[in-house]
Amino acid sequence: MTDDSATPDADPVPLRQRRRATATREILDAAQEQIALHGPFGLSLRSIARGLGMTVQALYHYFPSRDELVTALITEAYHELADTVRSALDGAPPHGDLPRFVVAAEAFRRWGLDNPSRFQLIYGTPLLRYEAPADGRTTAGARRIAALFHRELFGAFTHEQLGRTEVPPLSPALRARLEQMPPEMIGGLPPQAAALFVSVWGHLHGLVVLEVFGHTSFIGPLQAEIFRGAMHNLFSDAQRRIPAG
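Rules and cut-offs
Residues numbered from 1 in each chain as written. Predicted model: local features only at pLDDT ≥ 70, side-chain atom pairs only at ≥ 80, totals over all residues. Heavy atoms only, no water. Helix = DSSP H or I, 4+ residues; strand = E, 2+ residues; numbered from the N terminus. Buried < 20%, exposed > 50% of the residue type's maximum accessible area, 1.4 Å probe, protein only. Contact = heavy atoms within 4.5 Å. 1 Å grid on protein atoms, 1.4 Å probe; cavity = no way out; pocket = protein on both sides within 12 Å on 5 of 7 lines; lining within 4 Å. Points joined across faces, edges and corners; volume = space filled by probe spheres on them. Nonpolar A, V, L, I, M, F, W, Y, C, P; charged D, E, K, R; others polar. Phe/Tyr/Trp six-rings, centres within 6.5 Å; stacked < 30°, edge-to-face > 60°.

Colleague: When you look at the side chain of H150 in this model, what are you seeing that I'm missing?
Modeller: Counting through the fold element by element, H150 comes out in helix α7 (residues 137-154). For H150, a relative accessible area of 10% translates into the label buried. Excluding residues that lie within four positions of it along the chain, H150 makes contacts with G155, M185, I186, G187, L189 and F197.

The following block contains the structure:
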């Protein structure tokens, strides 16, 4: 006997939509494989289409231009990196020996080392003739990453404390620039704290870039220890610069 009161299943995804999602995924995966082999500058829609057994014209039905494909790759890479950092923080013990900022930094580094070609795509030399869309798709993931580091670096302090962050005097031009930046870019931080964050981010990111691109390979497997020590120092120095409440 049928129970007419049972809630009906959700409408299934139409076949055409499922096929499009599958084809889109195959194109993105093929593009990532090509970048892994030849670097971001070796990306070729014609080569991708040939490898998938489709014409370039057919590929254009999914990605109308190279820029659209690059935008999708950049967007996906940023969000995957943000998910990796977030997952590491979610899995960290609430009162562990390792500062959560260091946990986040090490997750960022690990993703870069595991995905060097994709790291290069989002943080390396910009692709020639590529223009990111104005709708912010390629920066949404980057803002997620920044927000995670904002929280772990400054989350224990009030806005008033952050406004008294000890940094070298800011020029009127730099102060005005930082004050005018949208909150989503620097988390609504006071100018002094924003300047400190940019400095911390530059040191963190710079060390990862050096390692991903092989410039610190002379240290060998001890690079992880160097990085952890540097992150401890960065975090301690940043905390020291913010006065107690």
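Colleague: Looking at this structure, how should I read the layout of surface pockets?
Modeller: If you roll a probe as big as a water molecule over the atoms, it shows you where there is empty space left. Each pocket or cavity is described by its volume, and for the largest pocket that value is around 650 Å³. Lining the largest pocket are 27 residues, with Y78, Y123, T139, A142 and W201 positioned closest to its centre. Listed by contribution, the elements that provide at least two residues to the lining of the largest pocket are α4 (66-91), α6 (116-123), α7, α10 (183-186) and α11 (191-212). Take the lining of the largest pocket: its biggest share by element is 6 residues, from α7. Among the residues making up the lining of the largest pocket, the classes are represented as 20 nonpolar, 5 polar and 2 charged.

Colleague: Explain the packing of aromatic side chains here, please?
Modeller: What describes a pair of aromatic rings is the distance from one ring centre to the other and the angle between the planes of the rings. A full pass over the atoms with the stated rule returns 11 aromatic pairs. Aromatic side chains F101 and F149 sit 5.8 Å apart centroid to centroid with 75° between the ring planes, which places their arrangement in the edge-to-face category. Note that F101 is positioned in helix α5 (residues 100-114) and F149 in helix α7, a separation of 48 residues in sequence. Since its relative accessible area comes to 2%, F101 is described here as buried.

By themselves, these observations are geometric and do not establish any function.
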